[in-house]
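Residues per chain are reported as follows:
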Amino acid sequence: MATAVALRRAGHKVSIYERRDFKVEVGASISCAANGGQWLREWGVDIKRGKPVELMKLVMRDWDTGKILNQYDLDHYEADWGIPYYMFHRVDMHEMLLEAATSPDGPGEPCSVVVDHICSSVDYEKGEVTFENGNVIKADVIIGADGIRSVVRREIGVIPQMKSANQTCYRVNVRRSDIDKFNLMHDAVDPAIQFWGGFPKGELSRYYKIVMSPCSGGDIVSFYCFMPTEMTNHTQEGFVFAEVPVSDVMAGDYSRLDPKCQDLIKHSIDRMPWRLYVHQPYPTWHNGKVCLVGDAAHPMMPHQSQGACTAIEDAAALGLIFSKDYDFTTNVEAGLKFYEHIRKPRATRVQAASARATENLNERIGFTSLTAPEAALAAKDGKLTVNEMNEYDMKEHVAKEAKSYGHLFNAESP
Ligand SMILES: Cc1cc2nc3c(=O)[nH]c(=O)nc-3n(C[C@H](O)[C@H](O)[C@H](O)COP(=O)(O)OP(=O)(O)OC[C@H]3O[C@@H](n4cnc5c(N)ncnc54)[C@H](O)[C@@H]3O)c2cc1C
């Protein structure tokens, strides 16, 4: 959806094909750090429409007692980076982007949206997509934004090297109204991401971890409940739309979890499994007239909260590369190669840091600056820092590399 907005703003005619209708969008929190949020603003997305919660801290809590062990304050975040650290509900974020893509207002031709179209094959040389219902479409460029189990990826010949992660997850939500009604942990609605566990402690595995945050204007508190993979029978990668009983979520060492957090989970709704696999970086993200973005290109463990932000960065790169400032619109294959050149190193670095943060919560962006107080020191260790994520200037990067690749600015550009 972000790619559609970026390309619309760059002056292209965009059609979005989606396998479902939009009534079954996933309800879970998606944090949007400044490296993603800056592009929403650049594109003129009505961010308020996404009902964001503006995050003010990251809190590390003890698994058993809930005692606060460490805290990374975000109260200077907007002053430092020019935009707040947003937390969206995925449904709201989706609606916000859909509106930006299709609204008659704003620059560029509104994108068209075609639902109930399941892509079954792609001809990357001809630029054709065939759907399960028999419809075939042709386009100058095809962007495979079809997520972790991407069909487009398979069709361009990329076979993922992947293995089951040591950790699995259930996603659950708690309504704010239930927190009030049942007098549950009231600081659950604080504008923060709060973590329990994530470290080995006695016999407790490091893979037990809770990530909790409010979203949807504070009406929902969203939980990611992690545990060792052997605690689940679910095997299908990614989200599965299958409600599970609370006993599945509260398995194993959840009996030792901070009772206040247990109470919240016991009052949850929308409990669904989210099975995790670790993917190695793919050999390529493009072939012929086709490229991949987002989870189709670089699926990552969720522990940096950067999957969606990285997808937004991909979108931004495509918008810049196929803008009137460069000559790639007349040479799509060169543009897609250049896109991979720009995006893959940074996305791969985030992917690797997300895998590391599975093993050690101190590798999480934000906490990296606490464990090595100088951000520069953390970066020296190879750790990903807030500074590295937010100081990056993609416009400058693209301009510099395009010049050295000989894809000069168009004559009318400055
Ligand atoms: C539980 C959870 C929590 C997360 N938390 C965060 C977070 O806090 N911060 C963050 O930055 N990221 C987070 N992420 C990651 C983020 O959600 C993903 O990285 C992001 O959604 C990737 O976007 P995408 O468009 O590539 O893929 P998706 O969001 O998976 O979208 C793919 C789309 O393609 C459609 N599709 C799939 N196959 C086909 C087909 N064959 N034909 C047609 N359409 C098809 C799907 O229906 C879907 O609409 C989280 C992910 C999950 C699952």
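Residues numbered from 1 in each chain as written. Predicted model: local features only at pLDDT ≥ 70, side-chain atom pairs only at ≥ 80, totals over all residues. Heavy atoms only, no water.

### Concerning the domain arrangement of the protein
Here comes step 1: Per the domain assignment, the segments of the protein are domain 1 (2-54 + 82-161 + 280-359 + 393-404) and domain 2 (163-278).
Here comes step 2: Placing a centre on the C-alpha atoms of domain 1 and another on those of domain 2 gives a separation of 28 Å.
Here comes step 3: Contacts between the two partners involve 25 residues from domain 1 and, on the opposite side, 30 residues from domain 2.
Here comes step 4: Both faces combined, the contact of domain 1 with domain 2 buries some 2200 Å², and carbon together with sulfur accounts for 56% of it.
Here comes step 5: For domain 1, the biggest contributors to the area lost against domain 2 are Arg149, Met301 and Glu359; these three give 23% of the whole.
Here comes step 6: As a salt-bridge pair, Glu359 and Arg206 come within 4.0 Å of each other at their nearest N and O atoms.
Here comes step 7: The interface formed by domain 1 and domain 2 contains nine residue pairs in polar contact (both at pLDDT 80 or more).
Here comes step 8: Elements represented by at least two residues in the side of domain 1 that touches domain 2 include exactly β2 (29-32), β3 (53-54), β6 (86-89) and α10 (332-359).
Here comes step 9: Here the side of domain 1 that touches domain 2 is composed, by residue class, of eleven nonpolar, eight polar and six charged. (Domains from an automatic or database assignment. Contact = heavy atoms within 4.5 Å. Buried area = accessible area lost by both parts, 1.4 Å probe. Salt bridge = Lys/Arg side-chain N within 4 Å of Asp/Glu carboxyl O. Polar contact = N/O pair within 3.5 Å; in protein donor to acceptor, adjacent residues only side chain to side chain. Helix = DSSP H or I, 4+ residues; strand = E, 2+ residues; numbered from the N terminus. Nonpolar A, V, L, I, M, F, W, Y, C, P; charged D, E, K, R; others polar.)

### Looking at the site of the ligand
Here comes step 1: Residues in contact with the ligand amount to 24 residues; listed here are only the nearest, Glu18, Arg19, Ser31, Asp295 and Ala308.
Here comes step 2: Gly307 places a polar main-chain atom, nitrogen or oxygen, 3.2 Å from an oxygen atom of the ligand.
Here comes step 3: The backbone of Ala308 places a nitrogen or oxygen atom 2.8 Å from an oxygen atom of the ligand.
Here comes step 4: Contact with the protein chains covers 85% of the free accessible surface of the ligand, which is 980 Å².
Here comes step 5: Put simply, the parts of the chain that give the shell around the ligand at least two residues each are β2 and α9 (307-321).
Here comes step 6: Residues belonging to the shell around the ligand are distributed by class as follows: ten nonpolar, eight polar and six charged. (Near = heavy atom within 4 Å. Areas by Shrake-Rupley, 256 points an atom, 1.4 Å probe, with all protein chains shown as cover.)

### Focus on the side chain of Asp258
Here comes step 1: Tracing the backbone through its elements, the reader meets Asp258 in the loop between α7 (246-249) and α8 (259-266).
Here comes step 2: Polar side-chain contacts of Asp258 include one of 3.0 Å to the side chain of Trp196.
Here comes step 3: Leave out the neighbours within four places in its chain, and Asp258 touches Trp63, Asp64, Thr65, Gly66 and Trp196.

### What to know about unusual backbone geometry
Here comes step 1: You will see that Asp270, though not glycine, has its phi angle at about 50 degrees, which is positive.
Here comes step 2: For Asp270, the location among the structural elements is in strand β18 (residues 269-275).
Here comes step 3: With a phi angle near 50 degrees, Ser305 is a residue other than glycine that sits in the positive phi range.
Here comes step 4: Looking at where Ser305 falls in the secondary structure, it is placed in the loop between β21 (290-292) and α9.
Here comes step 5: Classification of Ser305 by relative accessible area gives partly exposed; the value is 23%. (Buried < 20%, exposed > 50% of the residue type's maximum accessible area, 1.4 Å probe, protein only.)

### Comments concerning helix α14 (residues 394-404)
Here comes step 1: Among all positions in α14, only Met394, Val398, Ala399, Glu401 and Ala402 are buried.
Here comes step 2: The residue sitting at the N-terminus of α14 and contributing the capping side-chain oxygen is Asp393; that oxygen lies 3.2 Å from the backbone nitrogen of Lys395.
Here comes step 3: Where α14 ends, the next residue or the one after it, Gly406, has phi of about 80 degrees, a positive value.

### Some details on the sheet that holds strand β20 (residues 286-287)
Here comes step 1: With respect to topology, three strands assemble into an open sheet ordered β11-β21-β20, the strand pairing being mixed. Strands with a single pairing partner mark the edges of an open sheet, and in this sheet they are β11 (142-144) and β20.
Here comes step 2: Across two bridges, β20 lies against β21 in antiparallel orientation. Following the sheet pairing, Asn287 is matched in β21 by Val290.
Here comes step 3: Running over the sheet, α10 touches β20 and β21 and is turned about 15 degrees from β21. (Pairing = 2+ DSSP bridges. Axes fitted to C-alpha atoms, helices over the stretch in contact; angles between N-to-C directions.)

### Things to note about the sheet that holds strand β8 (residues 119-123)
In sheet architecture, strand pairing relies on hydrogen bonds along the backbone and comes in two forms, parallel and antiparallel.
Here comes step 1: Spatially, β8-β9-β10 is the arrangement adopted by the three strands of the open sheet, whose pairing is antiparallel. Edge positions in the sheet fall to β8 and β10 (136-138), since each of these pairs with one other strand and no more. Strand-to-strand twist of the sheet, defined as the mean angle between neighbouring strand axes without regard to direction, takes the value 20 degrees.
Here comes step 2: The sheet contact formed by strand β9 (residues 128-131) and β10 spans three bridges and is antiparallel.

### Quick look at the packing of α9 against α14
Here comes step 1: Interaxial distance between α9 and α14 falls to 10 Å at its minimum, and their mutual angle equals 45 degrees. The orientation of α9 with respect to α14, classified from their angle, is oblique. Considering only the axes of α9 and α14, their crossing is right-handed. For the pair α9 and α14, contact is made by Glu313, Ala316, Ala317, Leu320 and Ile321 and by Met394, Lys395 and Val398, respectively. (Parallel < 35°, antiparallel > 145°, perpendicular 65-115°, else oblique. Left-handed = near helix turned anticlockwise from the far one by under 90°.)

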